Structures are given as structure tokens and as C-alpha cells.
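# A structural walkthrough
Chain residues, written in single-letter form:
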Amino acid sequence: MGLLHLTRETSAAPEVAWAVLTDFAGYGRWIPMTSMRVDPGPVRLGWGFAGLSGWGPLTFSDSMLVSAWEPPVDGGPARFRVVKTGRLLGGWAEVSLTPRPGGGTRVDWVEEVVVRPLPFPAAFAPALDRVSRWLYGRAVDAMLAHAEQPHAEATRGHAS
């Protein structure tokens, strides 16, 4: 897969958007046919999680380790980065949150997924790119819509 770059804007404050985007245990709500497994304790450098996606014998694990963790402070910018460590999926993802003038947050989600071992990566890349853009775009949009709801404030600080 090529590089995926999604940019979204939300009316949610950086702390609220951060709380939803870093609730890794809850990603199964946003990604179809996925359940989550997370390391115990608070998120920190080296902390891991995995999305178990698929159905029955066609389930695979997308495991990741946190390699950068910079929560927002006083409404400021924030960033996290994960490295994919699975047998099937490699690559990384980096999510940056930037406060918008007048309120709200700009979210930049950049991700590279490497499918291994894929025998003919060039042949599959266009289809994988389309599916990934749709899947990640749908998930990020749903997470940010959730962050804009009044109840989302209650999750603030959950994963910081």
C-alpha cells in the first residue's frame, strides 16, 4: 500500500479529539469486524495493542507499538505514532492534532501499511489503497463525530 494521508477538521477541542483517537481499546467500534487487545496500564512509549480483524479462520492480528506519545497540553498540539509489528502487516501510523484558530482541531492521519508477504504488491496496491482510504476515512470520520458529541467530554483524559 502507498502512503495514506487523511486530513480532517473537527469542532472538538484537542483534548477531546485526543481522548477519542487514543482510546485504542475502543477502535473495534469504528473498524468493522475488529476487536481489540491492549496491553495493561496507561499508554506510554513501547505500549502495545492489536486489532483482531476478520471472521473465523480468516482473522488476522494488526499489532502495534507506541513509538511517540505527545498528548495535548493546555489545548496545544499533540501527536502519537505507532509502528506495526505483525507478521502480516508492517508499516506505521502517525496522527497529529493541531488547534484551529477560533476553536476545534485539525487532524492529520498519515499511515503506511506494508502487506507481507504479498507476492505481487504492485498488482494489489491500487485495490489496497482504495480499500484503506475508505476504511480509515470512515473510521476517523466516525471517531471525530463521536468527539463532537457532548458526552465525549466524559472520555477526556481516558488515554492521556
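Residues numbered from 1 in each chain as written. Predicted model: local features only at pLDDT ≥ 70, side-chain atom pairs only at ≥ 80, totals over all residues. Heavy atoms only, no water.

## Some thoughts on the sheet that holds strand β1 (residues 3–10)
Convention followed: In this scheme, strands are said to pair when DSSP sees at least two bridges between them. Counting from the N terminus, the helices are DSSP H or I runs at least four residues long and the strands are E runs at least two residues long. Axis definition: a line fitted to C-alpha atoms, over the contacting stretch in the case of helices. Angles run 0 to 180 degrees between N-to-C directions. In this analysis, two residues are considered to be in contact whenever any of their non-hydrogen atoms come within 4.5 Å of each other.
The strand order across the open sheet formed by seven strands is β1-β7-β6-β5-β4-β3-β2, and the pairing between neighbours is antiparallel. Two strands bound the open sheet, and with one partner strand each, they are β1 and β2 (34–38). Across the sheet, the axes of successive neighbouring strands diverge by a mean angle of 20°, strand direction being ignored. Direction of pairing for β1 relative to strand β7 (residues 105–115): antiparallel, over a ladder of eight bridges. Residue pairing in the sheet places His5 in a bridge with Val110 of β7. The sheet strands contacting helix α1 (residues 14–21) are β1, β4 (60–70), β5 (78–85), β6 (89–99) and β7, and the helix crosses β6 at an angle near 160°.

## Notes on the side chain of Glu15
Let me state the cut-off plainly: Each residue is assigned to one of three classes by its accessible area relative to the maximum for its type, calculated with a 1.4 Å probe on protein chains only: buried under 20%, partly exposed between the two thresholds, exposed over 50%.
Secondary-structure assignment places Glu15 in helix α1. Taking relative accessible area as the criterion, Glu15 reaches 14% and is therefore assigned buried.

## Some remarks on unusual backbone geometry
Phi at Met33 takes a positive value of approximately 55°, unusual for a residue other than glycine. Topologically, Met33 is positioned in the loop between α1 and β2. Residue classification places Met33 among the exposed residues on the basis of a relative accessible area of 60%. In this structure, Asp74 takes a positive phi of about 50° despite not being glycine. Structurally, the position occupied by Asp74 is in the loop between β4 and β5.

## Structural notes on the environment of Ser132
The residue Ser132 is located in helix α2 (residues 121–147) in this model. The exposure class assigned to Ser132 is buried, which follows from its relative accessible area of 11%. Considering only alpha carbons, one finds Ser132 and Glu111, 21 residues apart in sequence, at a separation of 9.7 Å.

## Here we look at the confidence of the model for the protein
Here is the rule we go by: A score from 0 to 100, pLDDT tells how confident the predictor is in each residue.
Predicted confidence across the protein gives a mean pLDDT of 89, with 89% of residues reaching 70 or more. For the protein, per-element mean pLDDT is lowest for α2, which scores 84, and highest for β5, which scores 97. Taken together, the stretch residues 156–160 has pLDDT below 50 and engages in 13 contacts with residues farther than four places along the chain or on a different chain.

## What about the environment of Ala145?
Looking at the element boundaries, Ala145 is found in helix α2. Taking C-alpha positions, Ala145 is 8.8 Å from Ala12, a pair spaced 133 residues apart along the chain.

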